[in-house]
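Below, each chain spelled out in residue letters.
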Amino acid sequence: MQTKAKSNSVVTHALTETGTILINVLGAGTVEFDPKKAHEKNREWAEIHGWLQRLVDGAAKSRDPKTGKPASAEEKMGGIRRLVE
């Protein structure tokens, strides 16, 4: 099972070996979601949403450690273009 959790997270998630998603809310319990049971339109939207997020994440760049300045627009665009290619 893959997990992503921080010690201070209220909501955590895990992907099971069978492909279901477990969402745990601290103090409220866990819900299991099977993407295969979702309506086709919801799966299509989830895929588009995932691609949008993935491409925008490509623009995430570290600040210059010497100057503290953020990455330039060109550097951010380069990260997105590398994913597209």
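Numbers given for residues are sequential positions, taken from 1 along each chain in its written order. For this predicted model, a pLDDT threshold of at least 70 governs which residues receive local features, and a threshold of 80 or more governs which side-chain atom pairs are given and counted, while totals over whole chains, interfaces and linings are taken from all residues. The side-chain values count all of the structure's non-hydrogen atoms but skip hydrogen atoms and water molecules.

## Looking at the pairing of strand β3 (residues 21-25)
Within a regular strand, the side chains alternate between the two sheet faces.
Consideration 1: At least two bridges found by DSSP between two strands is the condition for calling them paired. By definition, any uninterrupted DSSP run of H or I lasting at least four residues is a helix, any uninterrupted run of E lasting at least two residues is a strand, and each is numbered from the N terminus. Pairing analysis gives five bridges linking strand β2 (residues 11-15) to β3, with the strands arranged antiparallel. Paired with H13 across the bridge in β3 is I23.
Consideration 2: Count of turn residues in the β2/β3 antiparallel hairpin: five residues, of which G19 carries a positive phi of about 95 degrees.
Consideration 3: One ladder, built from five bridges, connects β3 with strand β4 (residues 29-33); its direction is antiparallel. Each residue of the ladder has a partner; that of I21, found in β4, is F33.
Consideration 4: Linking two consecutive strands that pair antiparallel, namely β3 and β4, is a turn of three residues; a positive phi of about 85 degrees is found at G27 within it.

## Topic: the pattern of salt bridges
Consideration 1: Here, a salt bridge means any Lys or Arg side-chain nitrogen found within 4 Å of an Asp or Glu carboxyl oxygen. Taken as a whole, this structure holds one salt bridge when the rule is applied.
Consideration 2: Note that E44 and K41 form a salt bridge whose closest N and O atoms lie 3.8 Å from each other. One end of the pair, E44, and the other, K41, are both in helix α1 (residues 40-57), three residues apart, so they sit about a helical turn from each other.

## What to know about the confidence of the model for the protein
Consideration 1: Per-residue confidence for the protein averages 92 on the pLDDT scale, and 92% of its residues sit at or above 70.
Consideration 2: Each residue carries a pLDDT value, the predictor's own confidence for that position, ranging from 0 to 100. At the low end of the mean pLDDT range in the protein sits strand β1 (residues 2-4), at 58; at the high end sits β4, at 98.

## Overview of a nonpolar patch on the surface
Consideration 1: A grouping of V10, V11, I23, V25, L26 and V31 is seen on the molecular surface, where their side chains present a nonpolar patch of about 500 Å² in accessible area.
Consideration 2: Within the fold, V11 resides in strand β2.
Consideration 3: Whether a residue is buried, partly exposed or exposed follows from its accessible area with a 1.4 Å probe, protein chains only, as a fraction of its type maximum: under 20%, in between, or over 50%, in that order. A relative accessible area of 53% places V11 in the exposed class. Patch definition: residues with relative accessible area over 30% and no salt bridge; like charges joined within 9 Å; nonpolar side chains (Val, Leu, Ile, Met, Phe, Trp, Tyr) joined within 5 Å. Each accessible area is a Shrake-Rupley result for a 1.4 Å probe, and residues are judged covered by the shown protein chains and nothing else.

## Here we look at the side chain of T20
Consideration 1: Structurally, the position occupied by T20 is in the loop between β2 and β3.
Consideration 2: Classification of T20 by relative accessible area gives buried; the value is 8%.
Consideration 3: Any N or O atom pair separated by 3.5 Å or less is treated as a polar contact, with the protein-specific requirement of one donor-capable and one acceptor-capable atom, and with residues adjacent in sequence counted only for side-chain atom pairs. Engagement of the side chain of T20 in a polar contact is seen with the side chain of T16, the distance being 2.8 Å.
Consideration 4: At a separation of 2.7 Å, a polar atom in the side chain of T20 contacts the side chain of E32.
Consideration 5: Every residue in contact with T20, bar those within four places of it in the chain, is listed here: A14, L15, E32, F33, D34 and P35. By definition, residues are in contact when any of their heavy atoms lie within 4.5 Å.

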